[in-house]
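Take a look at the letters that make up each chain.
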Amino acid sequence: MSVFMQLSELLLTPVQLAIQLLFVLSLFESGRLIVQWALRLRGRRGFRTPPMQGFGALGGGYPLARRFAEDPSLTLDELDVAAMRQLELIRVATRVTPMLGLIATLIPMGPALVALTRNDVAQMSELLRSAFAAVVLALAAACLCFWIASVRRRWCAEELVAVKRRIEARP
């Protein structure tokens, strides 16, 4: 067996584990999104108050606005960096998970093709099942992460616009 084949087969278990962890992360982040949505609903009145009243009564649903309320000296650029930091993990998961799914699909395909040449249909089908299960799990996780990242990105943009209005309304 070539060195490349051995190295790629060594990667299969860590890649499958990473896909499973990213799937769990996507489920966890889905729950966090629902909680944040509920907090945003509850704190909506405080968020939409006139500019002079500030963001003092906000809960955890508006992290950027709350951060600005705690430290009004923050600039929009600093809040933008904080927003990017909040979105970083979910955005990376959105992009990495499909790649890992592809890797977890391609690694077993070589041995599956070898099994096909030997007429070992049982081994071939087991390898293909493993390959397709990994890509399905990875794509499901990537879809969830993409949706979560999109919603959170919009929420961050809304908060940054509101903070900008408050800064511009200062005397």
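Residues numbered from 1 in each chain as written. Predicted model: local features only at pLDDT ≥ 70, side-chain atom pairs only at ≥ 80, totals over all residues. Heavy atoms only, no water.

Notably, N119 is not glycine yet its phi reads approximately 60 degrees, a positive angle. Positionally, N119 belongs in the loop between α3 (76-117) and α4 (121-168). When its relative accessible area of 66% is taken as the criterion, N119 is described as exposed. (Helix = DSSP H or I, 4+ residues; strand = E, 2+ residues; numbered from the N terminus. Buried < 20%, exposed > 50% of the residue type's maximum accessible area, 1.4 Å probe, protein only.)

A few words now on the UniProt feature "transmembrane region" (unreviewed entry) in the protein chain. Under the UniProt annotation, "transmembrane region" (unreviewed entry) lies at residues 15-35, 92-115 and 127-149. Counting secondary structure, residues 92-115 comes out at 100% helix and 0% strand; the distance between its end C-alpha atoms is 36 Å. A helix fraction of 100% and a strand fraction of 0% characterise residues 127-149, whose end C-alpha atoms lie 33 Å from each other. (UniProt positions renumbered as here; feature names shortened; annotations may be inferred.)

This part is about the confidence of the model for the protein chain. Residues shown with low pLDDT carry predicted positions that ought not to be read at fine detail. Confidence along the protein chain averages 89 in pLDDT terms, with 90% of residues attaining 70 or more. For the protein chain, per-element mean pLDDT is lowest for helix α2 (residues 63-70), which scores 87, and highest for α3, which scores 94. (pLDDT = per-residue confidence, 0-100.)

Another aspect to go through is a nonpolar patch on the surface. On the surface, a nonpolar cluster with roughly 490 Å² of combined accessible area is contributed by V3, F4, L7 and L10. Note on F4: relative accessible area 72%, which makes it exposed. (Patch = residues over 30% accessible without salt bridge, like charges linked within 9 Å, V, L, I, M, F, W, Y side chains within 5 Å. Areas by Shrake-Rupley, 256 points an atom, 1.4 Å probe, with all protein chains shown as cover. Salt bridge = Lys/Arg side-chain N within 4 Å of Asp/Glu carboxyl O.)

Now for the nonpolar core. Counting 18 residues, the largest nonpolar core has I19 and A104 as its most contacted members. Among the secondary structure elements, those contributing two or more residues to this core are α1 (3-47), α3 and α4. Examining the composition of this core, we find that seven residues originate from one element, α4, more than from any other. (Core = buried A, V, L, I, M, F, W, Y, C linked by side-chain atoms within 4.5 Å.)

In this section: the UniProt feature "domain: MotA/TolQ/ExbB proton channel" (unreviewed entry) in the protein chain. Following the UniProt record, one finds the feature "domain: MotA/TolQ/ExbB proton channel" (unreviewed entry) at residues 83-160. Between the end C-alpha atoms of residues 83-160 the distance is 9 Å, and the span holds 96% helix and 0% strand.

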